[in-house]
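Report on the structure
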Protein chains: 4
Amino acid sequence: MSFNTFGKIFRFTTWGESHGPAIGCIVDGCPPKIQIKVEEIQKELNKRKPGQSKFTTQRKEDDKVEILSGMFEGKTTGTPISMIIYNKDMRSKDYGNIKNKFRPGHADFTYFQKYGIRDYRGGGRQSARETASRVAAGAIAKKVLQTKLGKKYNVIGGVTRLGILGCDLNNWRDKEISKNPLFCPDKSVVKLWEKYLLGIRKAGSSCGAVIEVRARGVPVGLGAPIYSKLDMDLASAMMSINAVKGVNIGSGMNSAQLSGEQNSDEMSKKGKKTKFYSNNAGGILGGISSGQEIVVSFAVKPTSSILSQRKTIDKFGKNTSISVKGRHDPCVGIRAVPIGEAMMHCVILDHYLLNKAQCGN
Amino acid sequence: MSFNTFGKIFRFTTWGESHGPAIGCIVDGCPPKIQIKVEEIQKELNKRKPGQSKFTTQRKEDDKVEILSGMFEGKTTGTPISMIIYNKDMRSKDYGNIKNKFRPGHADFTYFQKYGIRDYRGGGRQSARETASRVAAGAIAKKVLQTKLGKKYNVIGGVTRLGILGCDLNNWRDKEISKNPLFCPDKSVVKLWEKYLLGIRKAGSSCGAVIEVRARGVPVGLGAPIYSKLDMDLASAMMSINAVKGVNIGSGMNSAQLSGEQNSDEMSKKGKKTKFYSNNAGGILGGISSGQEIVVSFAVKPTSSILSQRKTIDKFGKNTSISVKGRHDPCVGIRAVPIGEAMMHCVILDHYLLNKAQCGN
Amino acid sequence: MSFNTFGKIFRFTTWGESHGPAIGCIVDGCPPKIQIKVEEIQKELNKRKPGQSKFTTQRKEDDKVEILSGMFEGKTTGTPISMIIYNKDMRSKDYGNIKNKFRPGHADFTYFQKYGIRDYRGGGRQSARETASRVAAGAIAKKVLQTKLGKKYNVIGGVTRLGILGCDLNNWRDKEISKNPLFCPDKSVVKLWEKYLLGIRKAGSSCGAVIEVRARGVPVGLGAPIYSKLDMDLASAMMSINAVKGVNIGSGMNSAQLSGEQNSDEMSKKGKKTKFYSNNAGGILGGISSGQEIVVSFAVKPTSSILSQRKTIDKFGKNTSISVKGRHDPCVGIRAVPIGEAMMHCVILDHYLLNKAQCGN
Amino acid sequence: MSFNTFGKIFRFTTWGESHGPAIGCIVDGCPPKIQIKVEEIQKELNKRKPGQSKFTTQRKEDDKVEILSGMFEGKTTGTPISMIIYNKDMRSKDYGNIKNKFRPGHADFTYFQKYGIRDYRGGGRQSARETASRVAAGAIAKKVLQTKLGKKYNVIGGVTRLGILGCDLNNWRDKEISKNPLFCPDKSVVKLWEKYLLGIRKAGSSCGAVIEVRARGVPVGLGAPIYSKLDMDLASAMMSINAVKGVNIGSGMNSAQLSGEQNSDEMSKKGKKTKFYSNNAGGILGGISSGQEIVVSFAVKPTSSILSQRKTIDKFGKNTSISVKGRHDPCVGIRAVPIGEAMMHCVILDHYLLNKAQCGN
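First things first, this report covers the structure right here in the doc. What you are looking at is a predicted structure, and each value in this text was computed from that prediction instead of being measured.

In this model, the largest pocket occupies a volume close to 1,100 Å³. What lines the largest pocket is a set of 37 residues, among which Asn248, Met253 and Asn254 of chain A together with Asn248 and Met253 of chain B lie closest to the centre. Counting only elements with at least two residues in the lining of the largest pocket, the list comes to β8 (154-162), β10 (209-216) and β16 (294-300) of chain A together with β8 (154-162), β10 (209-216) and β16 (294-300) of chain B. Per-class residue counts for the lining of the largest pocket are 10 nonpolar, 19 polar and eight charged.

Right, here's the structure in full:
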């Protein structure tokens, strides 16, 4: 039971609205004596920050994080870590247009129906601004895991589809991802993607994306069947990200089309190491990590704030139409890469701690 | 924190192994004074029961459920409802072959790695036999929701893809689903599917499937952002089902390929009712139900127990190969339909109660 | 959120009514590879069993426990352990008298008000019969802790007050407790207590009791401040036992009357060991175990089923009076000793696992 | 599972250390559309604030609370409410003495043992300063309950014992409590108490206290047996307050000394109302509220920071002695009154919402 809390042992609670004074995050259950610098958290936040390229919203936010508790002399103390990010660039006037109208395909409608009240300024709590808090939590989880598991542990995400344009997964190169503003791991398609997205932005339209996140160096044995399976928690984590509509583990939806022979990831021993001949399972069997690379992908739908006139209703129950101007991401999916990475870190750390508890490994 | 419990207020806990004396389920948090007959639960269980057609495992199980607590004079009392199903057809000898070997793509390997011990008889706790417990819990959730929401509330699931064969969703007819052993809603493809699956069974191979589950009559406002979103909990629910590797809400993974214009589900008022012109969102916006039909689909991978010789290792760390004979489903996906329905009922009831708590609706 | 579940990682869920077919318990989160014999669980249950002396209810129950899951070849597998105890001696006719009337001071009234329905047979779910399930769970927790911590770990409870009669805590001898039917650790008062309780039983009256439970060999560092403090969870555990109205840790309520000097438990080092000069804290400081003996005591109120005529109302809202005949414990507190021990084991194991998770100790 | 979170549906999470930049609290699960002014929260905080009389620590803190989220146009929105209180008067030099030594009877020792690191400045997270956060959360719970239940709902606490001095509960007058700096409801003993406490303060010693908290206008039916009983959660709530060692519900520990006849709270109907002739149960039967006044009392041990020289050890494992100078409360119990009230509000609201969920009342 936790409306705004994620996790079981390593838990984070987020708060704050798009246009309130600040947003923030409490991380609880963090192991003690982990060395963390605020710069390490800031570095992750900077990846998600808006206004970094022509492909993202022009809202200007430093996303500067402050740590208010839970650290002493540079180390975690085992008590809750409170982090705060002040909002800076809040032009409330931009949102006058959508004060009373619901954007089709947006949570405007359902928030108002559920709560009977909503903070319409910039989407309030519905805004993807909340995800900055997760990135901060994820940065802590990452540092804990690196401390416990060593350098072999790492997580990397990339955009593998931009609207109607895919990429070749065989061309995935980790180091390419940070070299282009679209977080694409396949160098060969970047130019095409950029041109395509610029066209969409100019048309005041939007497109979706698929993000893939990979975790390496995850020990075998993480995940607690039946109802705390690792893949279940990863699906839950990714689906909680704004605008996500689908989640795959390994071959995902495509696994329905494989034969039993194609799908079975054969194994052999090479010395003490278990070698797998393929990874359709995405590193998870029966809800437990197998020691292989964990592979999760998820689809982000197109932003619902678009320029085209759309039929809708207002909060008084009248028919009307809407066209959304102002600053928006033509593809919110791009900025979902560090969020997906953060959620991956958090889920893995949570299960790492859970496994320690029950199995002592 | 709940290894074998699912849900927040309406919670069920399952227990039991494939070849132990029994399996069972405790349902907690059920509202009082709901009339439930054991026959209503049995009816749902019978849909999942093995051995009903040539397309499922020939294990013979009555799956006869008994209620041990929580009911008095035909009504729920608000106390935990304990249900038990005795195992009948447990031919442990069938499993001698896999006692020490790990099936590629199966949880055999990870359970052993995690716990250092496993009940190898029929997969032990990993077996899909556990899902019978969920179906029993789902039958109770269904009855509660029907009592609270009336006849307009219903959930129906069907198989929309069988291996490489799809179907036409425009041909979906609810009533066709129970008329064919493959739970296919599109009459026009059933013959083809049957022939295809018989071929797979005869070859000792297996295939995957996609199941789609639809819920109608769900009130607007269910779902608690940010970390108890309705879609997040549905993704979690479906991903917890054995062999599921991908989950979609509405347009799901495909939403990445839509334009903002295509994706936005336009709205208008018709009297007091809100009308939507499309349902890419699958009835969920910002994690909250919109009042539209809720549409979830998920992919089930092919059964890992196949006849073909596959490279693998044994529990002593030796290289070996495996070929699995004995009774198995050529496509476990088929039997996942009532399970998906059950999980849908449970998640919706849970959020119905949660919404009552916070918002009093 | 867990109406009928106790614990965080090591969790048990109980179900069943006094006069239903059976009661039972699911233990989840138990570490794997722990050797447990059903006889070890039975032994604990036998301590709580009714009908063992003239001082307890004459209801005849074997309280024979069966394990239905979670064990394989004599060891826990890490999956849920389901235990069942069939009810035998259910003379429902005994309870005709209280079918429609509420016993003053009994949960009859509040259950009916809350749920609008109640199983009146023997108190239904309100019955202390539920506590047998906890004793079974506690037996498992005990075995896990003994396996992990060795012989130095043990828990012992005794009755330190029977109605108006106290005892001398300086006379506490562990081995005396099992030698008398009143579980009294002070040999010198047993005769007096027996005479007193016989008088109460003959008069159809009842009396309360104070139970003290001591845990030795508990490592320093268990307990998670601020809202999972060890003393908080122990208070919660003991207060959940039927008829308990007060809980003390160490000096408890009496600590209000101590001076700062008296209350401070001075410390010194003796080699590597920390020596404490007193234990007013009951082994818990700031919610964390100090390594000293953990001392919890709790008061059980007198049974509300008494022979004297008492003013009350019935379920139709009419004034009436009640006098309860039939089989009852003159002092339910006596049978609370093994229950208190069981709850102590469960809380300590839960925090042992939690501490492993966060602090890795 | 919630180290720093309290509650099930109405949940609050606290963070912050005594001498960090700030402390704070996130309230989650609050119903929407509740009108709350920051002044209403401040008013409750002012009751707990240090430095208000010669009987409390001279640390100067405004305890000025700011609301950072979850409110819009003066009303709650159903999203998390983040509150922050900046620390002002942090003289870290005061604590040099206890940097390496453990105060006997203080959490210094156990925190260091558990986490291997501790923020020694003013007790860090162990400090009772954390309770300001609870008072803020309680103020919100109070306003919600007043909005839902009307004026008949109220909670009042008082100090009923100060060290060796008791009071006469028959003299309890609500309005006296705020008239004296000791929160004593019995006017006749105030002078004596003041003199006694001044003596203790001058001697550099400390004493304990008993606090009683009463809730009126609580509906019948709150509390979820068996493991979310109302009394269980209240015991847990009160035991979580710093320095609390014992909790009573109604007659509490004393109920062990009553006869069945004395203890049974007889009932009769007067029109539609249920009248009780006594309230030994403290308004809770079987873990469910009966509609009577809910009465909880708890004992606070003497402050462990005293002037007398005490034997202790330091963090290097050496024997030493300690005498604590500096600003301290001679009786922390006094300031526990608003904390006890706050916890009462939070537990009652939580169960009010839970009951709405399951029973729809």
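Here the narrative resumes, following the displayed structure.
This paragraph deals with the side chain of His19 of chain A. Residues and elements named next belong to chain A. Take His19: it is sitting in the loop between β2 (11-16) and β3 (22-28). Among the residues examined, His19 registers a relative accessible area of 5% and is labelled buried. A distance of 2.7 Å separates the side chain of His19 from the side chain of Ser18, its partner in a polar contact.

Another point: the relation of the copies chain B and chain A. The two copies are related by a screw motion: chain B maps onto chain A through a turn of 180° and a shift of 0.0 Å along the axis, at an RMSD of 0.0 Å. Here the two chains are linked by the operation of a two-fold rotation axis. When the interface residues of chain B are mapped onto chain A, 100% of them again lie at the interface, so the same face is used by both copies.

Note on the identical chains: chain B maps onto chain D by a rotation of 180° and an axial translation of 0.0 Å, with an RMSD of 0.0 Å. A symmetric contact is evident, with 100% of the interface residues of chain B recurring at the interface of chain D.

Taken together, the 106 residues of chain B in the interface contact 106 residues of chain A. Between chain B and chain A lies a buried interface of about 8,600 Å² when both sides are counted; carbon and sulfur atoms form 60% of it. Where chain B packs against chain A, one counts two salt bridges. As a salt-bridge pair, Arg310 of chain B and Glu266 of chain A come within 3.5 Å of each other at their nearest N and O atoms. Summed over the shared surface of chain B and chain A, the result is 47 residue pairs in polar contact (both at pLDDT 80 or more). Of the residues contributing to the side of chain B that touches chain A, the split by class is 46 nonpolar, 43 polar and 17 charged. Summarising the sheet, strand β11 (residues 244-249) of chain A and strand β11 (residues 244-249) of chain B pair through three bridges and their orientation is antiparallel. Within the sheet, the bridge partner assigned to Gly246 of chain A lies in β11 of chain B and is Asn248 of chain B.

What counts and what doesn't
- Residues numbered from 1 in each chain as written.
- Chains lettered and ligands numbered in written order.
- Predicted model: local features only at pLDDT ≥ 70, side-chain atom pairs only at ≥ 80, totals over all residues.
- Heavy atoms only, no water.
- 1 Å grid on protein atoms, 1.4 Å probe; cavity = no way out; pocket = protein on both sides within 12 Å on 5 of 7 lines; lining within 4 Å.
- Points joined across faces, edges and corners; volume = space filled by probe spheres on them.
- Helix = DSSP H or I, 4+ residues; strand = E, 2+ residues; numbered from the N terminus.
- Nonpolar A, V, L, I, M, F, W, Y, C, P; charged D, E, K, R; others polar.
- Buried < 20%, exposed > 50% of the residue type's maximum accessible area, 1.4 Å probe, protein only.
- Polar contact = N/O pair within 3.5 Å; in protein donor to acceptor, adjacent residues only side chain to side chain.
- Least-squares fit on C-alpha atoms with pLDDT ≥ 70 in both.
- Contact = heavy atoms within 4.5 Å.
- Buried area = accessible area lost by both parts, 1.4 Å probe.
- Salt bridge = Lys/Arg side-chain N within 4 Å of Asp/Glu carboxyl O.
- Pairing = 2+ DSSP bridges.

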